[in-house]
Amino acid sequence: MPFGNTHNKLKMNYSSEQEYPDLSKHNNHMAKVLTPEMYGNLRDKETPSGFTLDDVIQTGVDNPGHPFIMTVGCVAGDEETYDVFKELMDPVIEDRHGGYKPSDKHKTDLNSDNLQGGDDLDPNYVLSSRVRTGRSIRGFCLPPHCSRGERRAIENLSIESLDSLDGDLKGKYYALKNMTDEEQQQLIDDHFLFDKPVSPLLLASGMARDWPDGRGIWHNDNKTFLVWVNEEDHLRVISMQKGGNMREVFTRFCTGLTKIEALFKERSHEFMWNEHLGYVLTCPSNLGTGLRAGVHVKLPNLSKHEKFGEILKKLRLQKRGTGGVDTAAVGGVFDISNADRLGFSEVELVQMVVDGVNLLVDMEKRLEGGDSIDDLMPEQK
Amino acid sequence: MASSFSRILSSKRHVGILSFVGGSVTAGLLLHREHVSAGAPVRRSYPASAEYPDLRKHNNCMATNLTPAIYAKLCDKATPSGYTLDQAIQTGVDNPGHPFIKTVGMVAGDEESYEVFADLLDPVIKERHNGYDPRNMKHPTDLDASKIQSGQFDERYVLSSRVRTGRSIRGLSLPPACTRAERREVERVVVDALAGLKGDLTGRYYSLTQMTDKEQQQLIDDHFLFDKPVSPLLTCAGMARDWPDARGIWHNNEKTFLIWVNEEDHTRVISMEKGGNMRRVFERFCRGLKEVERLIQERGWEFMWNERLGYILTCPSNLGTGLRAGVHVKLPLLGKDPRFSKILDNLRLQKRGTGGVDTAAVGGVFDISNLDRLGQSEVQLVQTVIDGVSYLIECEKRLERGQDIKVPPPLKQFK
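Residues numbered from 1 in each chain as written. Chains lettered and ligands numbered in written order. Predicted model: local features only at pLDDT ≥ 70, side-chain atom pairs only at ≥ 80, totals over all residues. Heavy atoms only, no water.

How do you make sense of the overall build of chain B when you look at a structure like this?
If you tally the helices and strands in chain B, you get 14 helices and 10 strands. Looking at chain B as a whole, 59% of its 415 residues qualify as buried. A sequence separation of at least 24 residues applies to 75% of the contacts in chain B between residues at least 6 apart. Accessible surface, chain B: about 17,000 Å² in total, of which carbon and sulfur atoms supply 54%. (Helix = DSSP H or I, 4+ residues; strand = E, 2+ residues; numbered from the N terminus. Buried < 20%, exposed > 50% of the residue type's maximum accessible area, 1.4 Å probe, protein only. Contact = heavy atoms within 4.5 Å. Areas by Shrake-Rupley, 256 points an atom, 1.4 Å probe, with all protein chains shown as cover.)

Set out below in structure tokens:
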């Protein structure tokens, strides 16, 4: 919002060539796709709430990227962004999500009964299990664009709905701007507290405006179900626990999400969703399921194997350090999660993680015993 | 110096902007306070009370002066080019400030911001500039360096002398709000004009996007290169967008006159040299500024200026002269004297470390410069620095000889 919706008409006084960004040193999905012609076609458009092309791409213009890591380089300011700026978003989505076409349909499946197994990942290797996703509330602008009034309304709606959860989901909300030092320390110790974004990828899109107004953390008394309010998305929903019972984590995840959705509906609000893009979130990389299911798993031998990267690729998994994205693995412990978000259902993605991690642990055990893993090599999923 | 509206109206370059703001012949009068009309109203779904920022933990001039009533009055207004109140105050909302250092907490997106949001900016200006009231006071501009008395410091104490200011190109939005095309236009206009400088001012431009590694290293060694802003005060205001597009550094061959393009302002103009000849530094400053102004006027452009606020810049703290005249001066004894701060205060000077604002003094060397920007002319402010630094050097010499020093009486605020 601060970077220009009311200003869009001013730009029309200049030609498209004069306004077109210099992307010659850039390496992100937006820069690959945004030709001068496309810029010319889209620059006079706005979503109904006033989000413009330059708002969409600002983060990608300001962050040229990395030769090895391909960032997305654009964000949505509201649900309509994906429609009004289709000409840009469709090829970005296709590139980012492995060839997902504008005509493709995305399947949503939050029925944890459809998951096979998953309750017995070897706890000697799998230290913890976690599933996260995001949800956006239809009718409100997304974090790059929302006003303070909207953000507060999202917070109030969320608190009201979450306060109605009961049973093992019963919990409490901690507003970032009101929390006591004691509460803050506890949340840090539990590894729950999120801080003001420092990544220039997020800052350049305007998501950190007015921090910490309207932001907070809700978690259940058992500390196994956690919701972030107004960080990078309206809601980030996380189910987690120590050990390898991914099935239980996923069941709680589905139950919790379904209940939250019902509570919002009781208040006449629904989540942003459509049959092409699934759940709509701020970053195009999180469309579809928005789901990342992962484990912290000890793979000191396998991780040194020359085919480790290839195996992960075939299993449609990715590795991260135990601090999350962009961190290094410590002590041979890796964060292993699904690489995909869109084009597969929630159940399918968690199944891939469960089956994949089981195989990785089997391989680790073989290598521990000095045996070969050649016969265990997977096919491309 | 004062805007000649006929030049704006007749220039073909400005027809686009005029037709945007309504095509009215009186568009030139938009620059007078009474006639500035806001642009199209801003779309709002929530009442002002739901949007009013939480400023309870804030300590900046914007937070002190932005009452809910003023917010409600201004929140649905925009300048003719579309800049809004929320954009102007965003940096102050995002940066609560420091208990000891009171920042300004807001910026202007264009010249008209100072009119459309006057209900907030006027009290902010008054607070920041020690009581200068834009509603009933006039700011004097005086770039006649011949009026300066003395101005050659004892070079056993003064290591270097420097004068800086900023200038904005009328008709183009300021760094928080400018589009890429506007920013490129600022660069084009300024670089084009600077190419006309001659004699000791002859120089060249180094664009940030195109400089070679060798050029970059030289500029770093000369302490000329500026980098992408990291201060959240600046980044939250949107000034670093599209970096490094259309940013650059121009300097003369002698390396005594330097211009930054599209950093925190359209231009920052700096005259400097080693040693204590502040008089010559200021003379070059005035000559260079006037020459640049003449060169842009030849091409149909002018600087943003009015008699209420002087030169218009992005940050309200730099209005008026936008001038900081300073020296690096060795004051090891005086610097340790408990009366040092009071002496500086009364002389209307401020101290900084030798790395600039927010740095510490090293080896007893201080950066001493004028406190004020608005309400006194350039000549007056530079004279204040000359007289004040001379006094400080006298104090240092007295302390060296074991003699006592006196705290001078406070200088009058507005002359």
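The structure having been displayed, the exposition proceeds.
Any chance you could explain unusual backbone geometry here in plain terms?
Where the residue is not glycine, phi is negative for most of them; where a peptide bond is considered, it is trans in most cases. Along the chain, A:Trp211 connects to A:Pro212 via a cis peptide bond; the corresponding omega equals 0°. Structurally, A:Pro212 is set in the loop between helix 10 (200–203) and strand 3 (216–220). The omega torsion of the bond from B:Trp243 to B:Pro244 falls at 0°, within 30 degrees of zero and hence cis. Relative to the assigned elements, B:Pro244 resides in the loop between helix 11 (232–235) and strand 3 (248–252). A positive phi angle, close to 60°, is found at A:His191, a residue other than glycine.

I'm lost on the domain arrangement of chain B in this one. Help?
Where interface size is quoted, it is often the accessible area lost as the parts come together. Residue and element names in this part refer to chain B. By the assigned domains, chain B splits into domain 1 (56–129) and domain 2 (145–401). One C-alpha centre belongs to domain 1, the other to domain 2, and the line joining them spans 25 Å. If you look at the interface, domain 1 gives 21 residues, while domain 2 gives 24 residues. Both sides together, the interface formed by domain 1 and domain 2 hides about 1,800 Å², and carbon and sulfur atoms give 61% of it. (Domains from an automatic or database assignment. Buried area = accessible area lost by both parts, 1.4 Å probe.)

Would you explain the packing of aromatic side chains in this entry?
Scanning all chains against the criterion turns up 13 aromatic pairs over all chains. Summarising the aromatic geometry, the rings of B:Trp250 and B:Phe257 are spaced 6.3 Å apart at their centres and angled 80° between planes, so their arrangement reads as edge-to-face. Three or more aromatic residues link up through ring pairs in this structure, and these residues are A:Phe194, A:Trp211 and A:Trp228. A cation over an aromatic ring shows up here: A:Arg135 above the ring of A:Tyr279, its NZ or CZ 3.4 Å from the ring centre. (Phe/Tyr/Trp six-rings, centres within 6.5 Å; stacked < 30°, edge-to-face > 60°. Lys NZ or Arg CZ within 6 Å of the ring centre and 35° of its normal.)

Would you explain the sheet that holds strand 10 (residues 365–370) of chain B in this entry?
Paired through their backbone hydrogen bonds, the strands of a sheet run either parallel or antiparallel. Residue and element names in this part refer to chain B. A sheet is described by the order of its strands in space; here 8 strands give the open sequence 2-3-4-5-1-8-10-9, paired in antiparallel fashion. Every interior strand has two partners, whereas the edge strands, strand 2 (203–207) and strand 9 (349–352), have only one. Going across the sheet, the axis of each strand differs from the next one's by a mean of 20°, ignoring polarity. As defined by bridge partners, strand 1 (residues 158–167) adjoins strand 8 (residues 324–330) across 6 bridges and the pair is classed as antiparallel. By the bridge assignment, Ser161 is partnered in strand 8 with Val327. Helix 12 (residues 278–298) contacts strand 1, strand 4 (257–261), strand 5 (267–274) and strand 8 of the sheet and is inclined by roughly 20° relative to strand 1. (Pairing = 2+ DSSP bridges. Axes fitted to C-alpha atoms, helices over the stretch in contact; angles between N-to-C directions.)

Please clarify how the pattern of salt bridges should be interpreted in this entry.
Two side chains of opposite charge can pair, provided their charged atoms sit close to one another. Residues and elements named next belong to chain B. Per the counting criterion, the structure on display carries 62 salt bridges over all chains. Arg299 is the partner of Asp192 in a salt bridge, and the nearest nitrogen-oxygen pair spans 2.9 Å. With Asp192 in helix 9 (residues 180–194) and Arg299 in the loop between helix 12 and strand 6 (305–306), this pair connects stretches of sequence that are 107 residues apart. For Asp192, a relative accessible area of 35% corresponds to the partly exposed category. For Arg299, a relative accessible area of 27% puts it in the partly exposed group. A salt bridge links Arg339 to Asp404; the nearest nitrogen and oxygen atoms lie 3.3 Å apart. Residue Arg339 is located in the loop between strand 8 and helix 13 (340–346), and its partner Asp404 is located in the segment after helix 14 (378–400); the two are separated by 65 residues in the primary sequence. (Salt bridge = Lys/Arg side-chain N within 4 Å of Asp/Glu carboxyl O.)

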